[in-house]
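Survey of secondary and tertiary structure
Residue-level listing of the chains:
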Amino acid sequence: MKYQIFGEKEVKNIPWQDRPEGCSDVVWRYSENPVIERDIIPCSNSVFNSAAVPFGDGFAGVFRVDNKARDMELHAGFSKDGIHWEINNEKIVFDTDIEEMKQFYYGYDPRVVFIEDRYYLTWCNGYQYYPTIGIAWTKDFKTFHQTENAFLPFNRNGVLFPRKINGNFAMLSRPSDNGHTPFGDIYYSESPDLTFWGKHRHVMKPVRGWQSTKIGAGPVPIETSEGWLLFYHGVLTSCNGFVYSFSAALLDRDEPWKPVKRARDYLISPQKIYECVGDVPNVTFPCANIVDAATGRIAIYYGCADTCTGLCFTTVDDVIDFLMENSSI
Ligand code: BMA
């Protein structure tokens, strides 16, 4: 490998397909997409924008399930190979001592990260029906202990870094409004205890083209010798509505609010039929990456058209080489 990866483990059974012959894309799709169909469980209207991590000999995840009442819920699931999933038909019911957290309004777009000794879940959590960032932790994906919301409404796309930075937990987020927000920058915040957040820093703002309306952090950042490798979504407003694509950036390792490289071009945009047609057309929305430290392989899970879940692949070397040549910074 050309670039070093830090903090990730070897994941021998990472879901993987080699780049198809003749394909020059930096990120390529799994040939059998979608990996998770909208009706995978009896109650689901759609399963998308979801998180998966290595767990035991296989994988575990937290899935955005919009049910047939069209409530937005979070469900745990398990897989041996990262491709075939068993998702619980029952939603996660959070365990919490905090009175204010006991009512669950809605939850969506989960991210999961292992920090020190447990898995942390962040998601867009309804608080009095207003979106903000919810936090919970689990060790077994059966019991989830909910703590305080990170921020005041309105905020979405809260993504924790996989280790403390400057001695604090660190999170990217995207302050927003209560609707289909027509703006959005990525910010960085730190906390000593996951309750009190501060040291807020601006990271990146929308720029031209595919990322001109708003941007938001995607999967958990990957620590490399060149910086934190972050996949993020960007939104373009077309005459027919929002178009969600995604690409990558590198953030400084010690001061992650400073972007070092940032893609000019998207890596994936809605082009396949399952990305263009669904409950919300033209959406590719990544929420998780699995990394194999031994080979540098990356498998990315992304929501497709707010309906089903796809998988695509790349390597740390491929994405960083792309960023070295394609950065607009
Ligand atoms: C965003 C979020 C995502 C969704 C996207 C497209 O605001 O709600 O969950 O995928 O819109 O509808």
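What you are looking at is a predicted structure, and each value in this text was computed from that prediction instead of being measured. (Residues numbered from 1 in each chain as written. Predicted model: local features only at pLDDT ≥ 70, side-chain atom pairs only at ≥ 80, totals over all residues. Heavy atoms only, no water.)

Here's the deal with the overall build of the chain
Which entries qualify depends on this criterion: We count a stretch as a helix when DSSP gives it H or I for four or more residues in a row; a strand needs E for two or more, and each element gets its number in order from the N terminus. C-alpha atoms define the radius of gyration in this analysis, and the globule rule sets the expected value at 2.2 Å times the number of residues to the power 0.38. Accessibility here uses a 1.4 Å probe with only protein chains present; expressed as a share of the type maximum, an area under 20% marks a residue as buried, one over 50% as exposed, and anything in between as partly exposed. When checking whether two residues touch, look at their non-hydrogen atoms; a contact exists if any pair is within 4.5 Å. Residues scored as positive are Lys and Arg, those scored as negative are Asp and Glu, and His as well as the terminal groups of each chain are ignored. The location of each charge is read from NZ of Lys, CZ of Arg, CG of Asp or CD of Glu.
The helix and strand inventory of the chain stands at 2 helices and 22 strands. The C-alpha atoms of the chain give 18 Å as radius of gyration, which agrees with the globular expectation for 329 residues (20 Å, within 12%). Based on the C-alpha atoms only, the size of the chain along its principal axes is roughly 55 × 45 × 45 Å. Taking all 329 residues of the chain together, 58% fall into the buried category. For the chain, long-range pairs separated by at least 24 residues make up 54% of all intrachain contacts whose partners lie at least 6 apart in sequence. Looking at the chain, you have 32 positive and 42 negative side-chain charges, and the mean spots of the two groups are 4 Å apart.

As for the packing of aromatic side chains
Spelled out, the test is: Under the pairing criterion, centres of Phe, Tyr and Trp rings, with the six-membered ring standing for Trp, must be within 6.5 Å; the plane angle then separates stacked pairs below 30 degrees from edge-to-face pairs above 60, leaving the rest tilted.
Counted according to the given criterion, the structure contains 27 aromatic pairs. Note on Tyr 30 and Phe 313: the rings are 6.0 Å apart at their centroids and 90° apart in plane angle, and the pair reads as edge-to-face. Taken together, the positions of Tyr 30 in the loop between strand S2 (28-29) and strand S3 (44-55) and Phe 313 in strand S22 (residues 308-315) put the pair 283 residues apart, joining distant regions of the chain. Pair check on accessibility: Tyr 30 and Phe 313 agree, each one buried. For the pair Tyr 188 and Trp 257, a centre-to-centre distance of 5.2 Å together with 50° between the ring planes defines the contact as tilted. Of this pair, Tyr 188 sits in strand S13 (residues 186-191) while Trp 257 sits in the loop between strand S18 (241-251) and strand S19 (259-262), and the two are 69 residues apart along the sequence. Judged by relative accessible area, which is 18%, Trp 257 ranks as buried.

Remarks on the confidence of the model for the chain
Any region with low pLDDT has predicted coordinates that should not be read closely. Counted only if it meets this: You can read pLDDT as the predictor saying how much it trusts each residue, on a scale of 0 to 100.
Averaged over the chain, the pLDDT score is 98; the fraction of residues at 70 or greater is 100%. By mean pLDDT, helix H2 (residues 316-326) is the weakest element of the chain at 97, and strand S21 (residues 297-304) is the strongest at 99.

Quick notes on the pattern of salt bridges
Where we set the bar: For salt bridges, the criterion is a side-chain nitrogen of Lys or Arg within 4 Å of an Asp or Glu carboxyl oxygen.
The final tally for this structure, using the stated rule, is 19 salt bridges. Across the pair Asp 265 and Arg 264 runs a salt bridge, and its minimum N-O distance is 3.4 Å. Where salt bridges share partners, they join Arg 38, Arg 70 and Asp 279 into one cluster.

Quick notes on the sheet that holds strand S14 (residues 198-204)
Worth spelling out the cut-off: By the convention used here, strands pair only if DSSP detects at least 2 bridges between them. Axis definition: a line fitted to C-alpha atoms, over the contacting stretch in the case of helices. Angles run 0 to 180 degrees between N-to-C directions.
As summarised here, the arrangement of the 4 strands in space is S11-S12-S13-S14, forming an open sheet in which the pairing is antiparallel. Single-partner strands in this sheet number two, and they are strand S11 (155-160) and S14. Across this sheet, the average inter-strand angle for adjacent strands is 25°, counted without regard to direction.

A look at the site of the ligand
This is how the line gets drawn: Only a single heavy atom is needed: when it lies within 4 Å of a molecule or strand, its residue is near that molecule or strand. Polar contact criterion, stated in full: a pair of N or O atoms within 3.5 Å, where within protein one must be able to donate a hydrogen and the other to accept it, and residues adjacent in sequence count only if both atoms are side-chain atoms. Here, Shrake-Rupley sampling with a 1.4 Å probe gives the accessible areas, and only protein chains in the shown set may cover a residue. Each residue gets one label: Ala, Val, Leu, Ile, Met, Phe, Trp, Tyr, Cys and Pro are nonpolar, Asp, Glu, Lys and Arg are charged, and the others, such as Gly, are polar.
Taken together, Asn 49, Arg 64, Tyr 108, Asp 109, Tyr 244, Val 280, Val 283, Phe 285 and Asp 306 make up all the residues around the ligand. Within the side chain of Arg 64, an N or O atom sits 2.7 Å from an oxygen atom of the ligand. In the model, an oxygen atom of the ligand is placed 2.6 Å from a nitrogen or oxygen of the Asp 306 side chain. Bound to the protein, the ligand loses 85% of the 300 Å² it would expose on its own. Of the residues contributing to the shell around the ligand, the split by class is 5 nonpolar, 1 polar and 3 charged.

Comments concerning the environment of Ile 290
With respect to the secondary-structure elements, Ile 290 resides in strand S20 (residues 284-292). The sequence separation of Ile 290 and Val 53 amounts to 237 residues, and the corresponding C-alpha distance is 6.3 Å. Residues contacting Ile 290, with those up to four places away along its chain left out, are Val 11, Ile 14, Ala 52, Val 53, Pro 54, Phe 59, Arg 297, Ile 298, Ala 299 and Tyr 301.

A short note on the side chain of Ser 189
Tracing the backbone shows Ser 189 in strand S13. Classification of Ser 189 as buried rests on a relative accessible area of 2%. Here the side chain of Ser 189 touches His 200 through a polar contact of 2.8 Å, side chain to side chain. Contact partners of Ser 189, with chain neighbours within four places excluded, come to Phe 151, Phe 169, Ala 170, Met 171, Trp 197, Gly 198, Lys 199 and His 200.

With respect to the sheet that holds strand S8 (residues 118-127)
Across the sheet, 4 strands lie side by side as S7-S8-S9-S10; this open sheet has antiparallel pairing. Of all strands in the sheet, those with a lone pairing partner are strand S7 (107-115) and strand S10 (145-146), marking the two edges. As defined by bridge partners, S8 adjoins strand S9 (residues 130-138) across 9 bridges and the pair is classed as antiparallel. From the neighbouring strand, Cys 124 faces S9, where its bridge partner is Ile 133.

A closer look at the pairing of strand S17 (residues 227-238)
Counting buried residues in S17 gives 9 out of 12 residues, a clear majority hidden from the surface. As paired strands, strand S15 (residues 214-217) and S17 are joined by 4 bridges and run antiparallel to one another. If you follow Ala 217 over to S17, its bridge partner there is Tyr 232. Pairing between strand S16 (residues 222-224) and S17: 3 bridges, direction antiparallel. Bridge assignment links Thr 224 to a residue of S17, and that residue is Gly 227. Taking the residues between adjacent antiparallel strands as the criterion, S16 and S17 are bridged by 2 residues. Two successive antiparallel strands, S17 and S18, enclose a turn made up of 2 residues.

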